[in-house]
Amino acid sequence: MEALSTPLPSPPLPASALARAPGADAREDALRKVATEFESMVLNELLAPMFAGLETDGLGGGGPGEAMFRPMLIERYAQSITAAGGIGVADAVMAELLRLQTGGPTKEPSHGADR
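What this report covers is the structure whose coordinates are included nearby. (Residues numbered from 1 in each chain as written. Predicted model: local features only at pLDDT ≥ 70, side-chain atom pairs only at ≥ 80, totals over all residues. Heavy atoms only, no water.)

### Quick look at the overall build of the protein chain
Right, on to step 1. Within the protein chain, the regular secondary structure consists of four helices and zero strands.
Right, on to step 2. Listing each helix as α and each strand as β along the protein chain from the N terminus yields α-α-α-α.
Right, on to step 3. The contacts of the protein chain with a sequence gap of at least 6 include a subset with a gap of at least 24, amounting to 69%.
Right, on to step 4. With an accessible surface of roughly 9,200 Å², the protein chain has 63% of that area assigned to carbon and sulfur atoms. (Helix = DSSP H or I, 4+ residues; strand = E, 2+ residues; numbered from the N terminus. Contact = heavy atoms within 4.5 Å. Areas by Shrake-Rupley, 256 points an atom, 1.4 Å probe, with all protein chains shown as cover.)

Shown next, in the form of structure tokens:
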């Protein structure tokens, strides 16, 4: 087998990799953290009414102690759902935050009249 005399060309870098500013990864990590915290907060607000009508004599033995700690339990449920992949709120928030920071094109909201 004959060895190649010229090295194979490396594939071109994607445009997004070329346009990345120094520190972009740290900025994206910070944005991702904010977006996931926001999703947890949204899920917390969505889950809270589900538990509002439940009596406190079940899960933890009831009483005012359980009533006091239930919001913390709901918060942990929301954080767990977000950590497991969430419902897509964090991804949408992340995309919008990145678009706003990079000055990407704005899209007029569609009200259905153009269909």
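There's plenty left to go through after this.
### Some remarks on the environment of Ala-95
Right, on to step 1. Here Ala-95 lies in helix α4 (residues 89–102).
Right, on to step 2. Put simply, Ala-95 and Arg-32 are 63 residues apart on the chain and 9.5 Å apart in space, counted from C-alpha to C-alpha.

### Description of the side chain of Thr-82
Right, on to step 1. Here Thr-82 lies in helix α3 (residues 63–83).
Right, on to step 2. Those residues in contact with Thr-82 that lie beyond four places of it in its chain are Thr-36, Glu-39, Ser-40 and Leu-43.

### Remarks on α3
Right, on to step 1. For α3, with 21 residues, the first-to-last C-alpha span of 30 Å sits near the 30 Å given by 1.5 Å per residue.
Right, on to step 2. Along α3, the sharpest kink reaches roughly 35°, centred on Phe-69 and followed within four residues by the proline Pro-71.
Right, on to step 3. Among all positions of α3, only Glu-66, Arg-70, Ile-74, Ala-78 and Thr-82 are buried.
Right, on to step 4. On its buried face, α3 is in contact with α2 (24–52).
Right, on to step 5. Gly-85 lies just past α3 and shows a positive phi near 125°. (Expected span 1.5 Å × (residues − 1). Bend = angle between axes of the 7 residues up to and from the residue. Buried < 20%, exposed > 50% of the residue type's maximum accessible area, 1.4 Å probe, protein only.)

### Thoughts on a nonpolar patch on the surface
Right, on to step 1. The grouping of Leu-46, Ile-81 and Ile-87 at the surface amounts to a nonpolar patch, some 270 Å² of accessible area in total.
Right, on to step 2. Among the structural elements, Ile-81 can be located in helix α3.
Right, on to step 3. Owing to a relative accessible area of 34%, Ile-81 belongs among the partly exposed residues under this scheme. (Patch = residues over 30% accessible without salt bridge, like charges linked within 9 Å, V, L, I, M, F, W, Y side chains within 5 Å. Salt bridge = Lys/Arg side-chain N within 4 Å of Asp/Glu carboxyl O.)

### So, the nonpolar core
Right, on to step 1. Formed by Leu-43, Leu-47, Phe-51, Ile-74 and Ala-78, the largest nonpolar core amounts to five residues.
Right, on to step 2. Mapped onto this core, the elements with two or more residues apiece are α2 and α3.
Right, on to step 3. Ranked by residue count, the leading element in this core is α2, at three residues. (Core = buried A, V, L, I, M, F, W, Y, C linked by side-chain atoms within 4.5 Å.)

### Thoughts on the pattern of salt bridges
Right, on to step 1. Taken as a whole and assessed by the stated rule, the structure comprises three salt bridges.
Right, on to step 2. With a shortest N-O distance of 3.6 Å, Glu-37 and Lys-33 are connected by a salt bridge. Of this pair, Glu-37 and Lys-33 both sit in helix α2, separated by four residues, roughly a single helical turn.
Right, on to step 3. Relative accessible area serves as the criterion here: at 53%, Lys-33 is assigned to the exposed category.

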